Amino acid sequence: TIKLDPGAALLLDALHGAGHAAYAVGGCVRDSLLGLAPHDWDLCTSARPEQVMALFGEEKCIPTGLQHGTVTVKQGGRLYETTTFRTEGAYSDGRHPDAVCFVPDVREDLARRDFTINAMAYSAEEGLIDPFVGRDDLAAHLVRAVGEPERRFEEDALRILRLYRFAARFGFAIDPATGAAARALGPHLDCVSAERIQEELLKLLAAPRPGSYLEPAVLAVILPELEPEKQPERFAELCRTIDRIEPTAENVPARLAALLCPLGEAGARKALRKLKCSNALTDEVTALEREAGGGAGSFLLGHESGHSIARPIACGNRVPPQRTVLGETPGTPNTTLTVQAKRLLGRYELPTIQRMTALCSARHPEQAVAFAALRAEAEQLTAENACCRVSQLAVNGRDLMAAGVRPGPGLRQVLNALLEAVITGQTPNEKDALLAAAAQFSAS
Ligand code: ATP
Ligand code: MG
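Cut-offs applied
Residues numbered from 1 in each chain as written. Chains lettered and ligands numbered in written order. Predicted model: local features only at pLDDT ≥ 70, side-chain atom pairs only at ≥ 80, totals over all residues. UniProt positions renumbered as here; feature names shortened; annotations may be inferred. Near = placed C-beta within 6 Å. Nonpolar A, V, L, I, M, F, W, Y, C, P; charged D, E, K, R; others polar. Domains from an automatic or database assignment. Helix = DSSP H or I, 4+ residues; strand = E, 2+ residues; numbered from the N terminus. Pairing = 2+ DSSP bridges. Axes fitted to C-alpha atoms, helices over the stretch in contact; angles between N-to-C directions. Contact = placed C-beta atoms within 7 Å. Expected span 1.5 Å × (residues − 1). Buried ≥ 20, exposed ≤ 12 C-beta atoms within 10 Å, placed from the backbone. Arc of directions from axis to C-beta.

With an unreviewed UniProt entry as reference, the protein is termed tRNA nucleotidyltransferase, source organism Faecalibacterium hominis. Turning to the protein, the UniProt record has this under Cofactor (unreviewed entry): "Mg(2+)". One UniProt comment on the protein, placed under Sequence similarities (unreviewed entry), says "Belongs to the tRNA nucleotidyltransferase/poly(A) polymerase family."

Draft legend 1. Here's a closer look at the site of ligand 1. Close to ligand 1 lie Gly26, Gly27, His39, Asp42, Arg113, Asp114, Asn118, Ala119, Asp156, Leu158 and Arg159, which account for all nearby residues. Class assignment of the residues belonging to the shell around ligand 1 gives a composition of 2 nonpolar, 4 polar and 5 charged. Counting the residues that make up the shell around ligand 1, at least three belong to each of domain 1 (1-140) and domain 2 (146-213).

Draft legend 2. Representation of the UniProt feature "domain: CCA-adding enzyme C-terminal" (unreviewed entry) in the protein within the structure. UniProt annotation of "domain: CCA-adding enzyme C-terminal" (unreviewed entry) refers to residues 367-438 when read in the numbering used here. Taken end to end, residues 367-438 is 62% helix and 0% strand, and its two terminal C-alpha atoms sit 39 Å from one another.

Draft legend 3. Broad picture of the pairing of strand 5 (residues 78-84). Bridge analysis of strand 2 (residues 42-45) against strand 5 gives 3 bridges, and the strand direction is parallel. From the neighbouring strand, Leu43 faces strand 5, where its bridge partner is Thr82. Sheet topology places strand 4 (residues 70-75) next to strand 5; 6 bridges connect them, and they run antiparallel. When the bridges of strand 5 are listed, Val71 appears paired with Thr82. As consecutive antiparallel partners, strand 4 and strand 5 are separated by 2 residues, and within that stretch Gly76 has a phi angle of approximately 55 degrees, a positive value.

Draft legend 4. Representation of the sheet that holds strand 3 (residues 61-65) within the structure. The strand order across the open sheet formed by 7 strands is 3-4-5-2-1-8-9, and the pairing between neighbours is mixed. If you trace the sheet from one side to the other, it starts and ends with strand 3 and strand 9 (127-129), each paired once. Here the average twist between neighbouring strands, direction ignored, is 35 degrees. With 4 bridges connecting them, strand 1 (residues 22-25) and strand 2 associate as antiparallel partners. Bridge pairing in strand 2 links Ala24 to Leu43. Across the face of the sheet, helix 3 (residues 49-56) comes into contact with strand 2, strand 3, strand 4 and strand 5 while running at roughly 15 degrees to strand 4.

Draft legend 5. Here's a closer look at helix 17 (residues 368-383). The end-to-end C-alpha separation of helix 17 is 22 Å, in line with the 22 Å expected for 16 residues at 1.5 Å each. Among the residues making up helix 17, those that are buried are Phe371, Leu374, Arg375, Glu377 and Ala378. Around the axis of helix 17, the buried residues are gathered within 155 degrees of arc, so they sit on the same side. Residues of helix 17 that are exposed and angled more than 90 degrees away from the buried face: Val369, Gln380 and Ala383. In the core, the buried residues of helix 17 are packed alongside helix 15 (337-347) and helix 16 (350-363).

Shown next, in the form of structure tokens:
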């Protein structure tokens, strides 16, 4: 049975009191029947948007999408999307339905929805309204299109991605006819906007084990450069890698990086741009690709083991654009775990390092223990506020100039050298010791 959230119950009562039909609908009904806590409650009603606004008052309402019938109502600190019963035509621009038509009957509204498990409505008075027997599909762990799948995917091809997203989220099977239509109509995703595709792809990657839901025929349309159909073995391995990364919201960029691994850093950046990902996400995923990806493929496999990670200390005022340490096996003899972790913290924030180690462990499970140790070390150093960056040194440029170091690029070099000395434990991060070391560097 369904327990309405108090705000939703209040708004439904008010709508009923004014003579309108009104229900909780979609995801909240599905999640309640699954025994999960809905993250938001969407309502649908026979009331027109202007009637909803008049009933609740302008100050409680946000006119989210009046032409589509949607008003967001504020109640008890929460937001309730309230949408007038409607039907809709095709999405010929791939973004918005061409025409929406308000209708009096909730059943017509449910018929425009994508999957039977998403096409149920509920009110305390009438109970469950379930014309497409979504409840049986929920019990059978099945995602099935409402109506004829080909037609529904032709109307809005984004539903193809939504199919895999919902199936992956709950670990459900896909109704065979629905799955066949999705594979066949995959090319229609070409007309869907990059933003909508990106949103669904990220949600799919957030599922517990998305690997088996990354349908090659569909990926071949949205990310053809991955060649999922031409290189099925490689693609299957990518999917297994993704499933090995712990399914947290924080790890979604790591899973995306795992998916884009074969493209290398530059190719991944291009793909992320094409999907119109935010700059923050693009930078994050490319950093993961650079340090933990498989572009060169040689670091983790030890082909570069002769290459010392002890970089030259005076390297100008920029960190050189080479790999730091994750590319190498943690704990190789030329460094200690602590120094490795500090070098990483010098270049990346802790959450990025946590994602890097998650990605490395998934790609190389045999070394997972070592990567977990590196991650724990980075966490410990962060908690201790250990010095990993020039800005954390106990001296700054002004102190050095006061001690006689000349301004200019040389100053930055001395600071970098001091940082290196602190990171490797040659010098404590204390002002006097650092000034003494600086005097030596500038003399030499
Ligand atoms: P979530 O918990 O991820 O938000 P949800 O079921 O609420 O799941 P939404 O994407 O928020 O999913 O959409 C809300 C409801 O609107 C869906 O349950 C579905 O009934 C309907 N819906 C959303 N997008 C579409 C679409 N492209 N085609 C048909 N119906 C859709
Ligand atoms: Mg929702």
